[in-house]
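Summary of structural features
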Amino acid sequence: MKHLVIFFILSISLVGCTNNAHTAEWNKIDSCIRNSDTTALQFLRNIGNDKNDFSKADRMRYELLLASAHNKFFISMTSDSIMKDVVDYYSDNGNNNQRMEASYLLGCVYRDMGDAPLAIKYYEDAVKHTDKDCDFYTLSRIYGQMAGIFEEQDSYNIMLSYFKLASKYAFMAKDTLGALSYYRNEERGYYFTGKYDSVFIINKHVRSLYRRYGYKELASVPSDLEIYIYLLQKRFVKAKYYMDISDKYFDKKYMHTNEYGISGYHKGLYYLGVNKLDSAKYFFERELYNYSDYNNKQAAAKGLFMLYRKKKDADSIAKYSELWNNTVDSSYAHMSTRHLQQMHAIFNYSRYKNLAQQKDYQLKIRTTLIIVIIIVLFLLSLIFYMRNRLR
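So, a few notes on the structure that sits alongside this text. Since this is a predicted model, take the numbers as computed values, not measurements. The written sequence of each chain sets the order in which its residues are numbered from 1. Totals for whole chains, interfaces and linings use all residues, but because this is a predicted model, local features are given only for residues with pLDDT of at least 70 and pairs of side-chain atoms are given and counted only at 80 or more. Neither water nor hydrogens contribute to the side-chain values; these are computed over all heavy atoms in the structure.

**Considering the overall build of the protein chain**
The secondary structure listing takes helices from DSSP runs of H or I that are at least 4 residues long and strands from runs of E that are at least 2 residues long, numbered from the N terminus. A tally of regular secondary structure across the protein chain gives 18 helices and zero strands. Intrachain contacts of the protein chain at a sequence separation of at least 6 include 58% that bridge at least 24 residues. Only the protein chains shown count as cover for residues, with accessible areas throughout obtained via the Shrake-Rupley method and a probe of 1.4 Å. Summed over its atoms, the accessible surface of the protein chain is roughly 23,500 Å², and 56% of this surface lies on carbon and sulfur atoms. Any pair of residues with heavy atoms lying within 4.5 Å of one another is described as a contacting pair.

**Describing the packing of aromatic side chains**
For any pair of aromatic rings, the description consists of the separation of the ring centres together with the inter-plane angle of the planes. Between 30 and 60 degrees the pair is tilted, below 30 it is stacked and above 60 it is edge-to-face, where a pair is any two Phe, Tyr or Trp rings, Trp via its six-membered ring, whose centres lie within 6.5 Å. The full count for this structure, using the stated rule, is 28 aromatic pairs. Ring centres of tyrosine 270 and tyrosine 271 lie 5.1 Å apart, and the angle between their planes is 70°; on these two criteria the pair is classed as edge-to-face. The burial state of tyrosine 270 is the same as that of tyrosine 271; both residues are buried. Between tyrosine 308 and tyrosine 320, the ring centres sit 5.5 Å apart and the planes meet at 5°, which makes this aromatic pair stacked. Here tyrosine 308 is found in helix α17 (residues 294-311), whereas its partner tyrosine 320 is found in helix α18 (residues 314-390), with twelve residues between them in sequence. Tyrosine 320 shares its class with tyrosine 308; the two are buried. Chaining the aromatic ring pairs together yields one cluster made of Tyr156, Tyr191, Phe192, Tyr196, Tyr228, Tyr265 and Phe284. Here the basic side chain of lysine 121 rests over the ring of tyrosine 122, its NZ or CZ set 4.3 Å away from the ring centre. The lysine or arginine in question, arginine 141, covers the ring of tyrosine 137, its NZ or CZ lying 4.1 Å from the ring centre. Relative accessibility under 20% of the residue-type maximum defines a buried residue, over 50% an exposed one, and the middle range a partly exposed one, all with a 1.4 Å probe and only protein chains included. Remark: a charge is flagged as sitting over a ring if the NZ atom of Lys or the CZ atom of Arg is within 6 Å of the ring centre and within 35 degrees of the ring normal.

**Quick notes on the packing of helix α2 (residues 23-34) against helix α4 (residues 56-72)**
Orientation is described by lines fitted to C-alpha atoms, with helices fitted over the stretch in contact, and by angles between N-to-C directions that extend from 0 to 180 degrees. Axis separation between α2 and α4 bottoms out at 10 Å; the angle between their running directions is 15°. Compared by their axis directions, α2 and α4 come out roughly parallel. Every pair of crossing elements has a handedness; the one defined by α2 and α4 is left-handed. Counted together, Trp26, Asn27, Ile29, Asp30, Ile33 and Arg34 of α2 and Asp58, Arg61, Tyr62, Leu65, Ser68, Ala69 and Lys72 of α4 form the full contact between these two elements. For this classification, Asp, Glu, Lys and Arg are treated as charged, while Ala, Val, Leu, Ile, Met, Phe, Trp, Tyr, Cys and Pro are nonpolar and the rest, including Gly, are polar. A per-class count over the contact of α2 with α4 returns six nonpolar, two polar and five charged. Comment on the angle field: the value is read as roughly parallel under 35 degrees, roughly antiparallel over 145, roughly perpendicular from 65 to 115, and oblique elsewhere. A clockwise turn of the near helix away from the far one marks a right-handed crossing, whereas an anticlockwise turn of less than a right angle marks a left-handed crossing.

**As for unusual backbone geometry**
Backbone geometry places aspartate 154, a non-glycine residue, at a positive phi of 65°. Take aspartate 154: it is sitting in the loop between α8 (136-152) and α9 (156-172). In this model, lysine 312 sits at a positive phi of 60°, which is unusual for a non-glycine residue. Note on placement: lysine 312 falls in the loop between α17 and α18.

**Considering the nonpolar core**
Ranked by internal contacts, the top residues of the largest apolar core, which has 84 residues, are Met83, Tyr123, Leu139, Ile142 and Tyr143. In this structure tyrosine 143 touches Val127, Tyr162, Leu165, Ala166 and Tyr169, once residues within four positions along its chain are discounted. Membership of the second largest hydrophobic core comes to 14 residues, among which are Ile29, Leu41, Tyr62 and Leu65. For the purposes of this section, nonpolar cores are sets of buried Ala, Val, Leu, Ile, Met, Phe, Trp, Tyr and Cys residues that join through side-chain atoms within 4.5 Å.

What follows is the structure, given as structure tokens:
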């Protein structure tokens, strides 16, 4: 008996060691991911060489962290099979924070795969796992992702509500920069609904909060939307003041990004507004020929159309009017295709959801019938037994 007890204790100890063999490494990798340290990817690559020898608990933790790192560092995830296994595993074995993170990351996989309805479904599933010991950092990211999806659907009021929640929970997680970033993102909802005063109010408040929390440099950087609204309102002195500040803090490594192309469009609008037409032409043409996305092409063509309209150059007006119309059509076609794909995904999701609900209903009916049959058989058996006994 004594030997049996010792064997049992050793077995439990070995299982415990196996399940937690890499705990220190997992915690280190998790910390790197949260601090945007890309060495997390190297750690995961190194440790992943031995993943076939992991216990199931370690393998699931590895896959969870790998998905988290890919999501953090903008590495697209193109398959849902592994994360489905991770979600299933943690639904039976993990705590609420692990269940929340697993469902959240499966939602991110569907986001990368372009399936917005399934992404939202798993984000909503993730939120259901919150409790008094909730990981508010992850919760804030979930709401931030939901806001982004509804922005793509042009549902700006829903987007605003989720950015507010994202900011709230980021503050609760003591992630001040994240909270202020989500708060500033609310400007987009106000801009697209034509509430320009609210855009200015948000940015003024965000800058004061950056100063309060010690981020003086960020407090100086203006929003691109602020600049664009000043240009629309022909407040060129104010627009130039903020453009100069923006250029001062601009990181040159982003020179060839589409976002930088839009800032060139702003410069073109400014110079067009103050009648420095050669400078305006330079920035519009640079945007037209150096950037390939629909927004830049459309903005540049519109800028050149306005420029030549001001010059009263009929041939160029016709040329850039046609180009502007073509880029608008291309942009609309691209947007329409994206929305059609999303609608198709919504249709498929609804269809599969209805099928699942039907199967669930049928299963409940069958289960109820089986229970009724068992009860009836039991009662008949009891009646038969009592009759025989009375005889």
